[in-house]
Amino acid sequence: MTDVRDARRKRLYYRSTYTGTKETDVLLGGFAARHLAELDDQQLADYEKLLEIDDPRLYKWATSQETPPPEYDTSVLRLIQAFELVTD
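None of these values were measured; they are calculated from a predicted model.

**With respect to the overall build of the protein**
And then number 1: A count of helices and strands for the protein gives five helices and zero strands.
And then number 2: Tracing the protein from N to C terminus, the helices and strands come up as α-α-α-α-α.
And then number 3: A globule of 88 residues ought to have a C-alpha radius of gyration of about 12 Å, and the protein, at 12 Å, matches this closely.
And then number 4: Principal-axis analysis of the C-alpha atoms places the extent of the protein at approximately 40 × 35 × 20 Å.
And then number 5: Long-range pairs, those at least 24 residues apart, make up 57% of the contacts in the protein with a sequence separation of at least 6.
And then number 6: Of the accessible surface of the protein, which amounts to about 5,500 Å², a share of 50% is contributed by carbon and sulfur atoms.
And then number 7: In the protein, 12 side chains carry a positive charge and 17 a negative one; their mean positions are 3 Å apart.

What follows is the structure, encoded as structure tokens:
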């Protein structure tokens, strides 16, 4: 089971870093590197669902510029919104 979960996390990490827009790639790639290992199965499913959203809309939700519909307003989205990307 761990191998399946690890493969899922690797796939999600890759999708997080190649979303289509640089801003979203940087934000979600950093978030995925920091948090994917600690997400449970439901949170991973919620994250997968978020990655299906078009980049401009997801970026607006992640940066709290726009309110997401209730079905996307999950603990994972709130983690993304609270995530602070630290760069050198």
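**Description of helix α5 (residues 75–82)**
And then number 1: Every buried residue belonging to α5 is among Val76, Leu77 and Ile80, and all of these are buried. Summarising the axial view, the buried residues of α5 lie within an arc of 100°, below the 170-degree limit, and thus occupy one face.
And then number 2: As for α5, its buried residues are in contact with α2 (22–35), α3 (41–51) and α4 (55–62).

**Quick word on the packing of α3 against α5**
And then number 1: Axis separation between α3 and α5 bottoms out at 8 Å; the angle between their running directions is 70°. Between α3 and α5, the crossing angle belongs to the class labelled roughly perpendicular. Contacts from Gln43, Asp46, Tyr47 and Leu50 in α3 reach Ser75, Val76, Leu77 and Ile80 in α5.
And then number 2: Taken together, the residues that form the contact of α3 with α5 break down as five nonpolar, two polar and one charged.

**Notes on the pattern of salt bridges**
And then number 1: Tallied over the entire structure, the rule returns eight salt bridges.
And then number 2: Between Arg5 and Asp41 there is a salt bridge, with its nearest N and O atoms 3.0 Å apart. In this pair, Arg5 is assigned in helix α1 (residues 2–17) and Asp41 in helix α3, connecting sequence segments 36 residues apart.
And then number 3: Taking the shortest distance from any N to any O, the salt bridge between Arg34 and Glu38 comes out at 3.1 Å.
And then number 4: Judged by relative accessible area, which is 48%, Arg34 ranks as partly exposed.
And then number 5: Beyond isolated ion pairs, a larger network of salt bridges with shared partners links Arg5, Arg8, Arg11, Asp41 and Glu48.

Analysis parameters
- Residues numbered from 1 in each chain as written.
- Predicted model: local features only at pLDDT ≥ 70, side-chain atom pairs only at ≥ 80, totals over all residues.
- Heavy atoms only, no water.
- Helix = DSSP H or I, 4+ residues; strand = E, 2+ residues; numbered from the N terminus.
- Rg over C-alpha atoms; globule rule 2.2 N^0.38 Å.
- Contact = heavy atoms within 4.5 Å.
- Areas by Shrake-Rupley, 256 points an atom, 1.4 Å probe, with all protein chains shown as cover.
- Lys, Arg positive; Asp, Glu negative; His and termini not counted.
- Charge placed at Lys NZ, Arg CZ, Asp CG, Glu CD.
- Buried < 20%, exposed > 50% of the residue type's maximum accessible area, 1.4 Å probe, protein only.
- Arc of directions from axis to C-beta.
- Axes fitted to C-alpha atoms, helices over the stretch in contact; angles between N-to-C directions.
- Parallel < 35°, antiparallel > 145°, perpendicular 65-115°, else oblique.
- Nonpolar A, V, L, I, M, F, W, Y, C, P; charged D, E, K, R; others polar.
- Salt bridge = Lys/Arg side-chain N within 4 Å of Asp/Glu carboxyl O.

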